[in-house]
Amino acid sequence: MEGEVVWVVERKEYHPVENLVYETIFTLANGYLSLRGREEFSNLTMKGSYVAGIFDKYLAQVTELVNLPDPLGFKIYLDNKELNLDYLPLTKYYRYLDMKQGILNSLYEFNVEGKIIRIESRRFVSRPNIHRFGIQYTITPVNFSGKIVVENCIDTTTYNGYLDPHNKIQHYRVLRVEDLKPGVSASVKTHDKGHIIVLANAILAKDHKGENVLRYRKFRQIGDIPQEGYTIFLTEGQQVVIEKYGVVYTSRDLESEKLKDKDVVDFVREKVENELNNFIRTGFESELKAHTEHMESVWKRMDILIDGDELAQQGIRFNLFHLYACAPDDQRVSIGARGLHGEGYKGHVFWDTEIFMFPFFLYTLPEYAKNLLLYRYNTLDGARKNAQMNGYKGAQFPWESADDGLEVTPKWGEDYLGNPVRIWTGDEEFHINADIAVALVHYHSVTGDDQFMVDYGVEVLLETGRFWASRLEYNEIKDRYEIRRVIGPDEFHEHVDNNVYTNYLAKWNLEKAVEYYEWLSEKDPIKLEKLKTILGITEKEVRSWKTLAEKVYIPRKEGEKLIEQFEGYFGLKEYEITEWDENGLPKWPKGLDLTKLGETKLIKQPDVVMLLLVLPEEFTEEEMKVNYEYYEKRTMHKSSLSPSMYSIMGLKVGDTHNAYKYFMKTLLVDLEDNQGNTNNGFHAASAGGAWQCVVYGFGGMTLESDKLLNFSPWLPEKWQSVNFKINYRGIPLDVLIKKDSIQITSPSEVELKIKGERKIVKPGENIFRL
Ligand code: IFM
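Residues numbered from 1 in each chain as written. Predicted model: local features only at pLDDT ≥ 70, side-chain atom pairs only at ≥ 80, totals over all residues. Heavy atoms only, no water.

Per an unreviewed UniProt entry, the recorded name for the protein is Trehalose/maltose hydrolase or phosphorylase, and the organism is Fervidobacterium pennivorans. Of the comments in the UniProt record for the protein, the one headed Sequence similarities (unreviewed entry) reads "Belongs to the glycosyl hydrolase 65 family." (UniProt positions renumbered as here; feature names shortened; annotations may be inferred.)

Set out below in structure tokens:
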């Protein structure tokens, strides 16, 4: 089966102009530490390494994920010439990401005035030990004997803003650089939040007999860069293997230790040195083995096999690989819009996480879904402050979130022509609050984790419900509650009144808050009493939300299937999309003023269609079709979040041709850089959307209102089968869909539906005809 062999992403030729995109594609991360896949033998790279949760503001417009010192520094000199991809002739070049094992492999062969030297490397960021990363270089002097000099260092001159040069900023100052004899280390501190980050690395090198070959060690400090240099004598044709051991810790990892500031540096520094010694004791190969075994076990839980479509197979694995790379073990962090892979959107967390990425985690790796929700719970205080500062009650989750739940959306950005423009999303894109509520309720329905709802979930629902209750505006003349001056998912239209997505979800959030209040009063009345005290909330207040919800205005005309995105949308200017670019995405219609998009019916990304997907049980198939057909024609897909949703809806309404096209755009957003900004990080929401396309779209999986899973699949012509895993109520189901059958393998009995008909799945393999 093809699916078994499509495990790699390759770079076969070296063109420096492509470096930044490949750095994102080849990023290795473990939910904590991220190292962009940069070429250490080139200067034309963006040095990017990040630790989840290390944010700082300093002189930047808003708080951002800090680009840390670069621990990948490694140079080799032959005859005193630096081996550099950008100016030495290369006789061989090949790089590939092995997604199965989570290893980045490289092969370089340089010609230095007739001397051929080959370097093969393997890089990994350990998943079982998240503070560790390792690189192994195998060096072969192909046609000469002689000496090389190698240099191991930590670059403390890195900064944020490589791709935004006007806003370059170094978020840390160097506290110490040290000679670890052997090894080097750097301790830095961020300006505002005072996070301390300590990095250390060391190298070992052996010949084919296992003898140490490092000679004439020299440590030096160049500026604030610690370096150690060694000489190695090479014999023609004989390999030398260099292993680099790297470790990172931050004061945030050790917050529970409650140490005084001065001691923290020593403490973190000591932790790093111990970890480095332990890592060296474990050995490169053993750590790598533990890492690859871990990856193997995770793939067993999350892999998707597409038989008959090699590109789709590679694409889906690429997306899942990088989504998992972002999955945090830490409940104080979540996943930014560009993962941990770059500085796009400053590392901030959006609705992308709950609406786009979350279903993948929920149905395959639910422990991470729980962590993502706990991040919102743990940032409730910030959200409460946002509400207070804006004159509302309850908790107002930020449109863009960093480490504490306070709003961090920048106020200013650039429009499509590069002019400064006020960004209103942080002031007006309120739907994030209900998006979080949707994810919570989804989590509960799929996992049945009552304790989570008792301990955390209900509190978030009550606080978001309370927020909406205070955000609604009563229209006395019409006797209804409205929500004016908002931005819905389609961000071309600002300051609009009664956006249907926002209003519908606000109403839904209020209803769920009441429902879960009642649920908790049955389930755990003592907890409810405590919660009422903590939140200062009364039964009367909660019950009043029922009436509010009933009167939330939903801008829909009686008997009409087409839904107006917001009040007044149907009266806007019509523009037809008639041309598409080389990526198959719409071009701006001719004569359009890009500074006045809000005056047109063009939309950036689905809005009404989003609503139909998020709350499908509320709409008929006919309504879905009518709205899909109307809005698809007007969508510019200027967000990478867009194509996946049109793919899923396309499949629901029978537009299978476009559904496949949109699916491939989604899958390849980074592999073909079809949004033109992969250099700035991985498109994590699109990746979550890709998983949804396969499972919700082609697999036709829905969670029905009776909380049973239903499968109504449809496969593209060339697909022989698709196979995915679903964790439902703790039961790992293996789902294999063919054109005429669906096979479900389960360890225990479970009830579900096939094309709407109830079926009992018995332990073992169950085949249902389609
Ligand atoms: O959350 C999205 C939004 O929907 C469109 N602009 C980009 C954001 C981050 O991906």
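Our next topic: the site of the ligand. Around the ligand, a shell composed of Ala337, Tyr345, Phe350, Trp351, Asp352, Trp399, Glu491, Lys604, Gln605, Ser639 and Leu641 is seen. Between the ligand and Trp351, the relevant distance is 3.0 Å, taken from an oxygen atom to a side-chain nitrogen or oxygen of the residue. Between the ligand and Gln605, the relevant distance is 3.0 Å, taken from an oxygen atom to a side-chain nitrogen or oxygen of the residue. In isolation the ligand has 280 Å² of accessible area, and contact with the protein removes 94% of it. Here the residues of the shell around the ligand sort into 6 nonpolar, 2 polar and 3 charged. (Near = heavy atom within 4 Å. Polar contact = N/O pair within 3.5 Å; in protein donor to acceptor, adjacent residues only side chain to side chain. Areas by Shrake-Rupley, 256 points an atom, 1.4 Å probe, with all protein chains shown as cover. Nonpolar A, V, L, I, M, F, W, Y, C, P; charged D, E, K, R; others polar.)

Lys181 connects to Pro182 through a cis peptide bond whose omega is 0 degrees. Here Pro182 lies in the loop between strand 14 (172–179) and strand 15 (184–190). Of note in the backbone geometry, Tyr58 takes a positive phi value of approximately 55 degrees without being a glycine. Looking at where Tyr58 falls in the secondary structure, it is placed in the loop between strand 5 (55–56) and strand 6 (64–65). (Helix = DSSP H or I, 4+ residues; strand = E, 2+ residues; numbered from the N terminus.)

With antiparallel pairing, the 5 strands of this open sheet are ordered in space as 8-7-13-18-17. The sheet is open, and its two borders are formed by strand 8 (81–82) and strand 17 (215–222), each paired with just one other strand. In this structure, strand 13 (residues 146–153) lies alongside strand 18 (residues 225–234), joined through 8 bridges in antiparallel fashion. When the bridges of strand 18 are listed, Val149 appears paired with Thr231. (Pairing = 2+ DSSP bridges.)

Bringing the packing of aromatic side chains into the picture now. Within this structure, the stated rule accounts for 51 aromatic pairs. An angle of 90 degrees between the planes, with centres 6.2 Å apart, marks the rings of Tyr216 and Phe233 as edge-to-face. Of the two residues, Tyr216 sits in strand 17 while Phe233 sits in strand 18, which places them 17 residues apart along the sequence. Their ring planes at 90 degrees and their centres at 6.2 Å tell us that Tyr416 and Phe492 sit as a pair that is edge-to-face. Here Phe492 lies in the loop between strand 24 (480–482) and helix 11 (500–523) and Tyr416 lies in the loop between strand 21 (412–414) and strand 22 (420–422), a separation of 76 residues in the sequence. Look at Tyr416 and you get partly exposed, because its relative accessible area is 40%. Under the relative-accessibility criterion, Phe492 is labelled buried at 8%. A network of ring pairs unites the aromatic residues Tyr14, Phe41, Phe74, Tyr93, Tyr108, Phe110 and Tyr137 as a single cluster. When the ring centre of Tyr553 is taken as reference, the NZ or CZ atom of Arg480 above it lies at 3.5 Å. (Phe/Tyr/Trp six-rings, centres within 6.5 Å; stacked < 30°, edge-to-face > 60°. Buried < 20%, exposed > 50% of the residue type's maximum accessible area, 1.4 Å probe, protein only. Lys NZ or Arg CZ within 6 Å of the ring centre and 35° of its normal.)

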